[in-house]
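A structural walkthrough
Now for the letters of each chain:
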Amino acid sequence: AAKTILTPKPISYDFHDVDQDGNEQLQEDLQPKTGRRDIRTPVRPDKKTQVQQKIVYPDNKSVILANVEIFVMAPDAKGKLEKKLIKKTGTNAAGRWLAALEVGKYFVHVFKQATSEKPIVELNYEIEIPVSETPMELEQLQVGV
């Protein structure tokens, strides 16, 4: 089976001046009274981005109170790459989970026990977070598709 890598889409579209390398250009405003400059900070790759995603059942009803675990690949004591848990969260009443993540690749595991009305929820997928100044919305995921 092919691996799905979801790339988030920005929630709102803020346009900034960028140079050829994709770095935000510094915007300077001279403040008349103090003469101090207000310099915009350029995008920093270590800055965390708010990422959110909605999880739904096949009938499009929200999957609420599911456990969400986010992993990165990191070397263990012997230098072998292994999945390392970096964030535990859960879906809210709207079926959304939210996490602040740095630029990079992550593995997401979503789990919820079956109930009398709903099937078990178990999803494993990769996400890739680009540099972003705005919160990101991942594609909605449907259980069992």
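Every value quoted in this text rests on a predicted model; they were computed, and no experiment measured them. (Residues numbered from 1 in each chain as written. Predicted model: local features only at pLDDT ≥ 70, side-chain atom pairs only at ≥ 80, totals over all residues. Heavy atoms only, no water.)

With that settled, the discussion passes to the overall build of the protein chain. In terms of helices and strands, the protein chain carries zero helices and 12 strands. Ordered by position from N to C terminus, the α and β elements of the protein chain give β-β-β-β-β-β-β-β-β-β-β-β. Within the protein chain, the proportion of its 145 residues that are buried is 28%. A separation of at least 24 residues holds for 61% of the contacts in the protein chain among residues at least 6 apart in sequence. For the protein chain, the accessible surface area stands at approximately 9,900 Å², while carbon and sulfur atoms represent 51% of it. (Helix = DSSP H or I, 4+ residues; strand = E, 2+ residues; numbered from the N terminus. Buried < 20%, exposed > 50% of the residue type's maximum accessible area, 1.4 Å probe, protein only. Contact = heavy atoms within 4.5 Å. Areas by Shrake-Rupley, 256 points an atom, 1.4 Å probe, with all protein chains shown as cover.)

What follows deals with the pattern of salt bridges. One pass over the full model with this rule turns up three salt bridges. In this structure, Lys118 engages Asp59 in a salt bridge whose closest nitrogen and oxygen atoms are separated by 2.7 Å. Residue Lys118 is located in the loop between β9 (104-112) and β10 (121-129), and its partner Asp59 is located in the loop between β5 (49-56) and β6 (67-75); the two are separated by 59 residues in the primary sequence. Given the relative accessible area of 21%, Lys118 is considered partly exposed. What makes Asp59 partly exposed here is its relative accessible area of 44%. Among the salt bridges present, the one from Glu69 reaches Lys88, with a minimum N-O distance of 3.9 Å. With a gap of 19 residues between them, Glu69 in strand β6 and Lys88 in strand β7 (residues 81-90) connect regions that are remote in the sequence. (Salt bridge = Lys/Arg side-chain N within 4 Å of Asp/Glu carboxyl O.)

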